[in-house]
Amino acid sequence: MALADVQRCKEHGIKTHLQASNTRMNYAGHVHCGREWLASHFTSSTVSKTRTDDIPKGSLIPLLMTAEIHADNDMYEDPAFKDAFENIPNRCSDKALALYMSLKGFHENLSKTTIESIRSAFKKMWELSDGDTYRGKWHLNEAKQRWEGNPADSADIYDVLSSIKHKASAEGGDRTHSMAMTKDYMDRAFRWHQAACPLDIALQMVQKVMNGAQPSDICLDLEMRTKLTRHLEQITFASNGWMLWTRCFELVKLQRKDISFDTTVLDGVLKMYLANETLMLSKCASNFEIFLANRKGWQKKVDKGQWEADLRSNHYKIYPRPDAPACDSFFWTMIWIKWLESFHYGRTLQPNDFLFPAMSANGVVHPGQPISHDTVQKWINESTTGAGIRGNFSTHCFRRGGAQYWFMFAPVGQRWTLAKVRWWGGWADGEHRDTLVRYLLDKLHAYKTDYSDALAPISRDADASLAGEHALTRPASTEELRMVHASVAADVNGLCNNMRSLTSVVVQAACTTAIALQHLDSGHCFTNVSEPASPTTTPPPVGTVQQPLSHRPVVIPMPTAALSTSNTS
């Protein structure tokens, strides 16, 4: 192979594998938009020759012309300015990028995350343009009379970036972050799904198919099938997002080849689920494995030489959780796969079929097309509104909710360590100072410094242990025992009063019944006395049927208290 071919092979390999495909596409989009914006200002004559009074209202040119530039050297008169966003930067690249970021951040009010992504896109492009030449601090090399370093690392860029961050914070940008989808919210949303859609029909249909019935023999109209499919897909997506802490783009790209399970073993577990049988310990140990091939940040582990760790990273074993039906990704994933195979495709899922396919308005499912980000957001809005849950929930809510639950709100003894949280969430070791703080530690800090329940009879001691776990494990104090004793004594006294009232009602009812029976018995006796006595019994005439003697009324024995009351009366 010629050296030129080897060079091209190297460039292609770096371009393909240095960054994740999704990141590479996003960066390419930012660079393309920036170049189009810059080129739009040089399509006509030189801007410096245009009079300010002739500039149309609302044009972007005033924003450019008011930037601080040297009085004797307007940047628009510099012929290098129109090439500032090329692969090889020039002396105007940092100024052009600062203006573009200002436009997006201050004029168009884009989020600070988007502005950071724009800066990162241009920074990566210039880093890869010429070895080490355009890496590091942006400066003029007077010896070589050329600019070196990265324009994205200039002081002007950092000032603009910091200003945009301050603007976002001042306008409440931090408060627009997605709320966490807590376990309670998951349960409420699941109850809404049960009320809005007859999920039992889908479960019964899957059970019949697993017991040998043919899907074609089960009658199901198109409207009901579409409704069941939509709700089943939502529940399955939410349970997996909450249990795996996935970002939206990571989960929507999940394919059948990314899931490994033994159908023979897991079908038996699923049948026990559908039959409402209790799972034995051996069945609870059954699991399948999910590989998140699009998990963000896996390149950082490789860059740090964690080869052995990388062999198992992004692989997650999913176990049954019948105690948490809303979050049971094991059950809903198995049901969803059976539903797609039996009632939509009529075949087993192919390796490249998406687990969460797009569905058209007529109920047709497209296995080769994943659902969109907008569809997932629509699902979240629909379920939270239907369940009466208020707040701002984005597609990141499942990741935040799952992480916070296992770190702080799981039952005592089941909470995860920070190391386990970092591994399960796919965070790099160096991210515990920023990303993990936003997900976990800021919530924990707010919990520890929240004294809104300072007047509570029993303190939760939030600042004494992790998430107030100290209050659940420490011995009870004498005062707390006294309060418990008083509460139990009050409940017992109330129960005794209720029993007395009930006894009085029973006695009164028994007395009333006894009096009525006695009156009935007395009336019967008076009737017999008035009849003429007959010393002998005349046999009935021949041919007649003797009627049996009428039974006397049966008197029910009364309690002693009832008898005494009756005699008194």
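A. Just the side chain of Ser383, in detail. If you trace the backbone, Ser383 turns up in helix H16 (residues 373-386). Other than its neighbours up to four places away in sequence, Ser383 contacts Ala189, Trp192 and His193.

B. Looking closely at the pattern of salt bridges. Taken as a whole and assessed by the stated rule, the structure comprises 13 salt bridges. Measuring nitrogen to oxygen at the nearest pair gives 2.8 Å for the salt bridge that ties Arg146 to Glu148. Since its relative accessible area comes to 34%, Arg146 is described here as partly exposed. Where Lys338 meets Asp267, a salt bridge forms, and the shortest distance between an N and an O atom there is 3.1 Å. Placement of the pair is Lys338 in helix H15 (residues 329-345) and Asp267 in helix H11 (residues 263-274), with a sequence separation of 71 residues. The exposure class assigned to Asp267 is buried, which follows from its relative accessible area of 17%. The network of salt bridges with common partners includes Arg119, Lys123 and Asp153.

C. Looking closely at the packing of helix H8 (residues 199-210) against H11. At a minimum axis distance of 10 Å, the contact between H8 and H11 shows a crossing angle of 135 degrees. Taken together, the axes of H8 and H11 lie oblique to each other. Note on packing geometry: the crossing formed by H8 with H11 is left-handed. Together, Leu203, Val206, Gln207 and Met210 of H8 and Asp267, Leu270, Lys271 and Leu274 of H11 make up the contact between the two elements. Class assignment of the residues belonging to the contact of H8 with H11 gives a composition of 5 nonpolar, 1 polar and 2 charged.

Conventions we followed
Residues numbered from 1 in each chain as written. Predicted model: local features only at pLDDT ≥ 70, side-chain atom pairs only at ≥ 80, totals over all residues. Heavy atoms only, no water. Helix = DSSP H or I, 4+ residues; strand = E, 2+ residues; numbered from the N terminus. Contact = heavy atoms within 4.5 Å. Salt bridge = Lys/Arg side-chain N within 4 Å of Asp/Glu carboxyl O. Buried < 20%, exposed > 50% of the residue type's maximum accessible area, 1.4 Å probe, protein only. Axes fitted to C-alpha atoms, helices over the stretch in contact; angles between N-to-C directions. Parallel < 35°, antiparallel > 145°, perpendicular 65-115°, else oblique. Left-handed = near helix turned anticlockwise from the far one by under 90°. Nonpolar A, V, L, I, M, F, W, Y, C, P; charged D, E, K, R; others polar.

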